[in-house]
Amino acid sequence: MNAHGIPAWRVVLDGQDLTERVRPRLQDLTLTESRGGEADQLDLVILDHDGRLALPRRGVELSVALGWTDSGLIDKGRFRVDEVEHSGAPDVITVRARSADLSHPMRTRRERSWHQVTLGDVVRNLAGEHGLQARIAPSLAGIAIPHLDQTGESDVHLLTRLGRRYDAVATVKAGHLLFVPIGSGTTASGDPLPSPLITRRDGDRHRYALADRDTYSGVRAYWHDKPGANRRSVLVGESGNAKRLRETYSSEAEAREHAHAEWQRVQRGAATMEYTLARGRADLYPEQRLRLQGFKREIDATPWLIAKATHTISGSGGYTTRLELETDIAG
């Protein structure tokens, strides 16, 4: 018997537990959890060598839990099937599903505008329209937005755009519309996320990359000064070798917001780490702070933030978790 337990998983389709039926046919189960801007994605590759499996309908709901027999399962959420493929030989069915929290109305393009509101007003309005509870950080909720257009744009895309503008996590999970600064280290309910310690012996592959911190000294953004008909700029950071944003913004405040957000992203990308855990961990997910131990001094000394977690269970019995990490500048 495996001294470390056996990978465990559960797949429920529209309330029907299909785990035992799928288990002998499973080729791969891959769950990709992202920070925001893109939906979490579940991919199932199932053997259909005897042609006895029916193709699932698009739109049906899957719920998934992952873990180990010796430590139990962790619920990883609900997903809605939006792609089904049959290929061969040998015949396999590939099912792709994305977060069920991102409903179809949220992905429908809309036309509207907001005037003289706060960021909190916009987020709460969007949440209410889709039956969600808004969770927006106090540091972001009061930001004034003189004017905001949603032109041929879905609510999901609008949230992604706002998240990028304010360097925030903008995502829907577990019935909550979450809008908090990247690296805040809190759950949808505002509770602090755990900060686990991962050691070198926990994994078998890693890739560490360190960019020259002097590549960019800051970020410069431009805005159009209508009264003076001039193009002006704002600088966040230092001017030595500032990154220049291409877009010209409508106001100084908007230009500064974009420059600040981009400067945060530049700093987080100063050091990155990819690490594959030999024993998968379903308790790891984006926005958790992480500590590493047993690597080079520079790696161990860097505070890390999970940007993406990819969980893979193979039909041969393996379960690994691949982490994409970036520098936790708040840490």
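What counts and how
Residues numbered from 1 in each chain as written. Predicted model: local features only at pLDDT ≥ 70, side-chain atom pairs only at ≥ 80, totals over all residues. Heavy atoms only, no water. Domains from an automatic or database assignment. Contact = heavy atoms within 4.5 Å. Buried area = accessible area lost by both parts, 1.4 Å probe. Salt bridge = Lys/Arg side-chain N within 4 Å of Asp/Glu carboxyl O. Polar contact = N/O pair within 3.5 Å; in protein donor to acceptor, adjacent residues only side chain to side chain. Nonpolar A, V, L, I, M, F, W, Y, C, P; charged D, E, K, R; others polar. Phe/Tyr/Trp six-rings, centres within 6.5 Å; stacked < 30°, edge-to-face > 60°. Helix = DSSP H or I, 4+ residues; strand = E, 2+ residues; numbered from the N terminus. Buried < 20%, exposed > 50% of the residue type's maximum accessible area, 1.4 Å probe, protein only. Lys NZ or Arg CZ within 6 Å of the ring centre and 35° of its normal. Pairing = 2+ DSSP bridges. Axes fitted to C-alpha atoms, helices over the stretch in contact; angles between N-to-C directions.

### Some details on the domain arrangement of the protein chain
Considered domain by domain, the protein chain is made up of domain 1 (104-181) and domain 2 (218-269). Each of domain 1 and domain 2 was reduced to a C-alpha centroid, and the two centroids are 22 Å apart. If you look at the interface, domain 1 gives 5 residues, while domain 2 gives 8 residues. Between domain 1 and domain 2 lies a buried interface of about 630 Å² when both sides are counted; carbon and sulfur atoms form 37% of it. By the criterion of area lost to domain 2, the three top residues of domain 1 are Arg164, Arg165 and Asp167, representing 88% of everything that side buries. Remark: the boundary between domain 1 and domain 2 carries 4 salt bridges. Of the charged contacts, one joins Arg165 and Glu257 as a salt bridge, the two residues approaching to 2.8 Å between their closest N and O atoms. Taken together, the connections running from domain 1 to domain 2 amount to 4 residue pairs in polar contact (both at pLDDT 80 or more). Per-class residue counts for the side of domain 1 that touches domain 2 are 2 nonpolar, no polar and 3 charged.

### So, the packing of aromatic side chains
Within this structure, the stated rule accounts for 3 aromatic pairs. Pairing Trp68 with Tyr319 gives two aromatic rings, centres 5.6 Å apart and planes at 25°, and the pair type is stacked. Placement of the pair is Trp68 in strand E5 (residues 61-68) and Tyr319 in strand E21 (residues 319-327), with a sequence separation of 251 residues. Residue Trp68 is classed as buried on the basis of its relative accessible area, which comes to 9%. Taking the relative accessible area as the measure of exposure, Tyr319 reaches 1% and is therefore buried. Both rings, one in Tyr208 and one in Trp304, keep their centres 6.2 Å apart while their planes meet at 85°; by these two values the pair is edge-to-face. Of this pair, Tyr208 sits in strand E14 (residues 203-210) while Trp304 sits in strand E20 (residues 304-314), and the two are 96 residues apart along the sequence. The partly exposed category is assigned to Tyr208, whose relative accessible area is 27%. Taking the ring centre of Trp9 as reference, the NZ or CZ of Arg23 above it sits at 5.3 Å. Sitting over the ring of Trp68, Arg279 keeps its end group 4.3 Å from the ring centre.

### Topic: the sheet that holds strand E17 (residues 243-249)
The mixed open sheet is built from 3 strands, whose spatial order is E16-E15-E17. Here the strands that pair on one side only, and so sit at the sheet edges, are strand E16 (230-237) and E17. Across this sheet, the average inter-strand angle for adjacent strands is 25°, counted without regard to direction. Pairing between strand E15 (residues 218-225) and E16: 8 bridges, direction antiparallel. Note that in E16 the partner of Asp225 across the bridge is Asn230.

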